[in-house]
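# Examining the three-dimensional arrangement
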Amino acid sequence: MKTIDIYTKNLAELIEQSAKIDILVIKFRQSATTEKLACNQELEVLRAKQQETTKRLHALEGHNSNIWENIGCGG
(Lines give C-alpha, C1' and ligand atoms only; values in the text may rest on other atoms or scores of the structure.)
Protein backbone atom coordinates (compact mmCIF):
# COMPACT_ATOMS: atom_id res chain seq x y z
CA MET A 1 0.00 0.00 0.00
CA LYS A 2 1.33 3.42 -0.93
CA THR A 3 2.21 5.86 1.82
CA ILE A 4 -0.36 8.29 0.45
CA ASP A 5 -3.10 5.65 0.67
CA ILE A 6 -2.20 4.88 4.28
CA TYR A 7 -2.08 8.58 5.07
CA THR A 8 -5.49 9.17 3.47
CA LYS A 9 -6.99 6.23 5.38
CA ASN A 10 -5.59 7.49 8.69
CA LEU A 11 -6.78 11.01 7.97
CA ALA A 12 -10.29 9.70 7.27
CA GLU A 13 -10.19 7.79 10.58
CA LEU A 14 -9.13 10.93 12.40
CA ILE A 15 -11.97 12.94 10.90
CA GLU A 16 -14.48 10.23 11.81
CA GLN A 17 -13.15 10.02 15.38
CA SER A 18 -13.34 13.79 15.76
CA ALA A 19 -16.95 13.80 14.58
CA LYS A 20 -17.85 11.05 17.06
CA ILE A 21 -16.19 13.00 19.86
CA ASP A 22 -18.13 16.14 18.92
CA ILE A 23 -21.41 14.21 18.99
CA LEU A 24 -20.59 12.70 22.39
CA VAL A 25 -19.67 16.09 23.84
CA ILE A 26 -23.05 17.46 22.78
CA LYS A 27 -24.78 14.37 24.16
CA PHE A 28 -22.80 14.72 27.40
CA ARG A 29 -23.87 18.31 27.90
CA GLN A 30 -27.52 17.39 27.44
CA SER A 31 -27.59 14.19 29.50
CA ALA A 32 -28.38 13.20 33.08
CA THR A 33 -25.64 12.28 35.56
CA THR A 34 -25.77 8.50 34.97
CA GLU A 35 -25.60 8.98 31.21
CA LYS A 36 -22.64 11.33 31.63
CA LEU A 37 -20.55 8.53 33.12
CA ALA A 38 -21.16 6.31 30.06
CA CYS A 39 -20.47 9.21 27.68
CA ASN A 40 -17.30 10.11 29.55
CA GLN A 41 -16.00 6.53 29.27
CA GLU A 42 -16.78 6.43 25.56
CA LEU A 43 -15.07 9.80 25.10
CA GLU A 44 -11.92 8.47 26.76
CA VAL A 45 -11.84 5.49 24.39
CA LEU A 46 -12.39 7.66 21.31
CA ARG A 47 -9.79 10.21 22.37
CA ALA A 48 -7.24 7.42 22.87
CA LYS A 49 -8.00 6.14 19.35
CA GLN A 50 -7.72 9.69 18.03
CA GLN A 51 -4.31 10.13 19.65
CA GLU A 52 -3.09 6.83 18.16
CA THR A 53 -4.30 7.83 14.70
CA THR A 54 -2.60 11.21 15.06
CA LYS A 55 0.67 9.47 15.99
CA ARG A 56 0.41 7.27 12.88
CA LEU A 57 -0.16 10.35 10.72
CA HIS A 58 2.84 12.10 12.20
CA ALA A 59 4.95 9.00 11.62
CA LEU A 60 3.89 8.96 7.99
CA GLU A 61 4.72 12.65 7.63
CA GLY A 62 8.20 11.94 8.95
CA HIS A 63 8.51 8.94 6.65
CA ASN A 64 7.91 10.98 3.54
CA SER A 65 8.52 14.70 3.79
CA ASN A 66 7.01 15.25 0.33
CA ILE A 67 3.65 13.71 1.23
CA TRP A 68 1.72 16.97 0.89
CA GLU A 69 3.15 17.55 -2.55
CA ASN A 70 2.31 13.98 -3.55
CA ILE A 71 -1.33 14.28 -2.49
CA GLY A 72 -2.08 16.57 -5.41
CA CYS A 73 -0.31 14.23 -7.80
CA GLY A 74 -2.16 11.11 -6.61
CA GLY A 75 0.83 9.67 -4.75
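Residues numbered from 1 in each chain as written. Predicted model: local features only at pLDDT ≥ 70, side-chain atom pairs only at ≥ 80, totals over all residues. Heavy atoms only, no water.

Helix and strand counts for the protein stand at three helices and zero strands. Going residue by residue from the N terminus, the α and β elements of the protein occur as α-α-α. Here the protein holds 75 residues, and the buried ones make up 21% of them. When contacts within the protein are restricted to residue pairs at least 6 apart in sequence, long-range pairs at least 24 apart make up 73% of them. For the protein, the accessible surface area stands at approximately 5,500 Å², while carbon and sulfur atoms represent 55% of it. (Helix = DSSP H or I, 4+ residues; strand = E, 2+ residues; numbered from the N terminus. Buried < 20%, exposed > 50% of the residue type's maximum accessible area, 1.4 Å probe, protein only. Contact = heavy atoms within 4.5 Å. Areas by Shrake-Rupley, 256 points an atom, 1.4 Å probe, with all protein chains shown as cover.)

This part covers the nonpolar core. Ranked by size, the top nonpolar core spans six residues in total: Ile-21, Leu-24, Val-25, Cys-39, Leu-43 and Leu-46. Broken down by secondary-structure element, the contributors of at least two residues to this core are α1 (3-30) and α2 (33-63). Setting aside its immediate chain neighbours within four residues, Cys-39 contacts Leu-24, Lys-27 and Phe-28. (Core = buried A, V, L, I, M, F, W, Y, C linked by side-chain atoms within 4.5 Å.)

Within the fold, Leu-11 resides in helix α1. The class for Leu-11 is partly exposed, based on a relative accessible area of 33%. Expressed as a C-alpha distance, the spacing of Leu-11 and Arg-56, which sit 45 residues apart in the sequence, is 9.5 Å.

With the rule as written, the count across this model stands at three salt bridges. Residue Arg-56 is joined to Glu-13 by a salt bridge in which the shortest nitrogen-to-oxygen separation is 2.5 Å. Residue Arg-56 is located in helix α2, and its partner Glu-13 is located in helix α1; the two are separated by 43 residues in the primary sequence. Residue classification places Arg-56 among the partly exposed residues on the basis of a relative accessible area of 32%. (Salt bridge = Lys/Arg side-chain N within 4 Å of Asp/Glu carboxyl O.)

Mapped onto the elements of the fold, Asn-10 is located in helix α1. With relative accessibility at 5%, the residue Asn-10 sits in the buried group. If we ignore the near neighbours within four places in the chain, the residues touching Asn-10 are Thr-53, Arg-56, Leu-57 and Leu-60.

Once that is clear, we can look at α1. Helix length check: α1 (28 residues) gives 41 Å between terminal C-alpha atoms against 40 Å at 1.5 Å per residue, within 8%. All buried positions along α1 are accounted for by Ile-4, Tyr-7, Asn-10, Leu-14, Gln-17, Ile-21, Leu-24 and Val-25. (Expected span 1.5 Å × (residues − 1).)

Now for the environment of Gln-50. Structurally, Gln-50 can be placed in helix α2. In this structure, the C-alpha to C-alpha distance between Gln-50 and Glu-13, residues 37 residues apart in sequence, is 8.1 Å. Those residues within four positions of Gln-50 in sequence are excluded, and the remaining contacts are Leu-14, Gln-17, Ser-18 and Ile-21.

Read these as layout, nothing more, since geometry by itself doesn't imply function.
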